[in-house]
Structures are given as C-alpha cells and as structure tokens.
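# Fold and contact review
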Amino acid sequence: MTLLHYPQDISRAVLSVTKDKIVILLLMNIIMLVAPGESKGTHAAVLCEHFGIPTISTGNMIREALKNGTEMGLKAKSFMDEGKLVPDEVVIGIVKERLSQDDCSKGFILDGFPRTIPQAEALDKMGVEIQYVINIDVADERIIKRMSGRRVCENCGKPYHLTNLPPKVEGVCDDCNGILVQRKDDHPDTVLARLETYHKETEPLVSYYEKQGKLVTVKGQDDVEATTKAILEGIEA
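Glancing now at the packing of helix α2 (residues 58-68) against helix α3 (residues 71-81). Helix packing geometry: the angle between the two helix axes and the distance between the axes. At a minimum axis distance of 8 Å, the contact between α2 and α3 shows a crossing angle of 105°. Regarding the angle of α2 to α3, the classification is roughly perpendicular. The residues of α3 that touch α2, namely those facing I62, A65 and L66, are G73, K77 and M80. Its residues assigned to classes, the contact of α2 with α3 comprises four nonpolar, one polar and one charged.

Once that is clear, we can look at the confidence of the model for the protein chain. Mean pLDDT over the protein chain: 85, with 89% of residues reaching 70 or higher. When mean pLDDT is compared element by element in the protein chain, strand β10 (residues 180-181) scores highest at 97, while strand β1 (residues 2-5) scores lowest at 37. Within the model, pLDDT remains below 50 along residues 21-25, and this stretch shows 26 contacts once partners closer than five positions in the same chain are excluded.

It is worth spelling out the sheet that holds strand β4 (residues 28-33) at this point. What holds strands together in a sheet is hydrogen bonding between their backbones, with the strands either parallel or antiparallel. Within the open sheet, the five strands sit side by side as β5-β6-β4-β7-β11. Their pairing is parallel. Looking at strand neighbours, the two that pair on one side only are β5 (55-57) and β11 (215-219), the edges of this open sheet. Each neighbouring strand pair of the sheet contributes to a mean axis angle of 25°, computed without reference to strand direction. Inspection of the sheet shows strand β7 (residues 132-137) paired to β11 by five bridges, in the parallel sense. Each residue of the ladder has a partner; that of I136, found in β11, is V218.

Within an α-helix, residues lying three or four positions from one another point in the same direction, as the helix has 3.6 residues per turn. The end-to-end C-alpha separation of helix α7 (residues 188-202) is 20 Å, in line with the 21 Å expected for 15 residues at 1.5 Å each. Every buried residue belonging to α7 is among V191, L195, Y198 and T202, and all of these are buried. Looking straight down α7, one finds that the buried residues subtend no more than 80° of arc, so they occupy a single side. Away from the buried face of α7 by more than 90 degrees, exposed residues D189, E196 and K200 are located. Residues of α7 that are buried make contact with β4, β7, α6 (140-148) and α8 (204-211).

Let us look at the packing of aromatic side chains. The geometry of an aromatic ring pair is captured by the separation of the ring centres together with the interplanar angle, meaning the angle of the planes. In this structure the tally under the stated criterion is one aromatic pair. Judged by centre distance (5.1 Å) and plane angle (90°), the ring pair of Y208 and Y209 falls under edge-to-face.

Two numbers describe how α7 lies on α8: the axes approach to 5 Å, and their chain directions differ by 35°. Contacts from H199, K200, E201 and T202 in α7 reach P204, L205 and V206 in α8.

This part is about the sheet that holds β10. In spatial order, the strands read β9-β8-β10; together these three strands make up an open sheet with antiparallel pairing. A single partner strand is all that each edge strand has here, and the edge strands are β9 (159-161) and β10. Relative to β9, strand β8 (residues 150-153) is paired through three bridges, and the arrangement is antiparallel. Along β9, the bridge assignment pairs V152 with P159. Helix-sheet contacts for α6 involve β8 and β9, and the interaxial angle to β8 is about 20°.

Below, the discussion takes up the layout of surface pockets. Taken as a whole, the largest pocket holds about 770 Å³ of empty space. Around the largest pocket sit 29 residues that line it, and P36, G37, K40, R115 and R194 are the ones nearest its centre. For the lining of the largest pocket, the secondary structure elements donating two or more residues are β4, α1 (40-51), α2 and α7. Of the residues forming the lining of the largest pocket, the biggest block, five residues, is contributed by α7. Looking at the lining of the largest pocket, its residues break down into nine nonpolar, ten polar and ten charged. Approximately 520 Å³ is the volume found for the second largest pocket. As for the second largest pocket, its lining consists of 18 residues, and the residues nearest its centre are R146, R150, H161, N164 and L165. Broken down by secondary-structure element, the contributors of at least two residues to the lining of the second largest pocket are α6, β8 and β9.

Quick notes on the rules
- Residues numbered from 1 in each chain as written.
- Predicted model: local features only at pLDDT ≥ 70, side-chain atom pairs only at ≥ 80, totals over all residues.
- Heavy atoms only, no water.
- Axes fitted to C-alpha atoms, helices over the stretch in contact; angles between N-to-C directions.
- Helix = DSSP H or I, 4+ residues; strand = E, 2+ residues; numbered from the N terminus.
- Parallel < 35°, antiparallel > 145°, perpendicular 65-115°, else oblique.
- Contact = heavy atoms within 4.5 Å.
- Nonpolar A, V, L, I, M, F, W, Y, C, P; charged D, E, K, R; others polar.
- pLDDT = per-residue confidence, 0-100.
- Pairing = 2+ DSSP bridges.
- Expected span 1.5 Å × (residues − 1).
- Buried < 20%, exposed > 50% of the residue type's maximum accessible area, 1.4 Å probe, protein only.
- Arc of directions from axis to C-beta.
- Phe/Tyr/Trp six-rings, centres within 6.5 Å; stacked < 30°, edge-to-face > 60°.
- 1 Å grid on protein atoms, 1.4 Å probe; cavity = no way out; pocket = protein on both sides within 12 Å on 5 of 7 lines; lining within 4 Å.
- Points joined across faces, edges and corners; volume = space filled by probe spheres on them.

Here you go:
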C-alpha cells in the first residue's frame, strides 16, 4: 500500500482511500500575489492543472454572481449601475459565496484577491485557511519593458511582442496582414501607474503573509515556464 501526501499540516488533509493506496491530499488554498504584467494568469493555469483545483479571479467571480443573481451579485449590480466601484464588503461577500461551492472543497487559487490588507484581514475573519501565497520578485523596469513591447493585431487579435515574439514584417500581422497596435493597458505610462498602485496597496501583503509563514517568494525568470517551475518547487519543498 502506498501513502502519498503533500508536505503540509496533516490536520488540513482530505483523505482518499482506494484499493491499493491511500492518498492524503492536503488542502491547497493559494493566493497569487503577483505584480501586473508578470504572467499571473499563465502561472495560475499551470497550478490549476497540476493540483486539480479551480482558479478564481475577482472579475469572474463578480460576473458569475451577477449572472446567477445571487444576493451579493445583486448588491454589486446596484453599485455598478450607478457607475460606482463595488465596495469591499460586497466583494468579500461574493468571494465567500464562491469559495463555498463544491469545486473548492480541495482547494483553490485566488487571482486578484485580496488586493489590500483590509481584504486579507476579512479573508482571515471568514475562517479561510490559506496555505501558500505566491510572490514573484521582479524589477519594475523589466515589467515595463515586457508589457510595453506587447502588440496585438487590430484585425484578428493575434498577440505579438517586439522582442520575444516579433512579426515577420514590422507592424504587420503574419496571419491577416492587419496593423499591429499597442493597447492602452500596455503603454509605459499606464503600466507605471498600475505598478505604483500595486506597490502602495498590494505589496504590503508580502510582509503580512510572510509573518504568517505562508509566503513563497521566487525570482522572476526571463522564461515564464522557468518561473512556474520555481513556484511549484517552492510549494512542494
């Protein structure tokens, strides 16, 4: 008989018994605490497949709550209809609704939440046990260079990068000959503004979760796959 488990606190285990093996799969609740432009979605997708748990983004949660007409979804709609930001208490309520669903029973990956210390404190008060908080250490200059090099075909939407994935003909899409444009979100001034917001509001969560012993910090690599590998190694160490 084989005994398999992840190297975590056994009190948070989910036990699965089959004919020839016992698998102790500990809850894998993960927060992606990653600066904008650092391929957070790509890393989350790999972790999602590796651990068999869902990736949950704030935007998707709110859209799902609106679509399903949940109590918190309707509250969010009332603010959005007035052109106002959805307040923390409503976002937190939507998070609570989503995490109670069956597909989160063995774990989840939170993408885009929490963004601030008050949101993290609210998550703790909800009794949500987080095992790992992923922090990718990368310089702002590198993020700005990476994001500002992005281009997209205005016709078919195919993505390019001036350095990493350039078109065969400068400024022209390989597939449809459409014109390549830079999205507003990828303009250096916009990227810098997003990074300033991140450092002010979200970066304090690094020390918050470090004090709780949940932080996994990896050095951002030029190769996205290498960074994802480092994240997995940090989790499974």
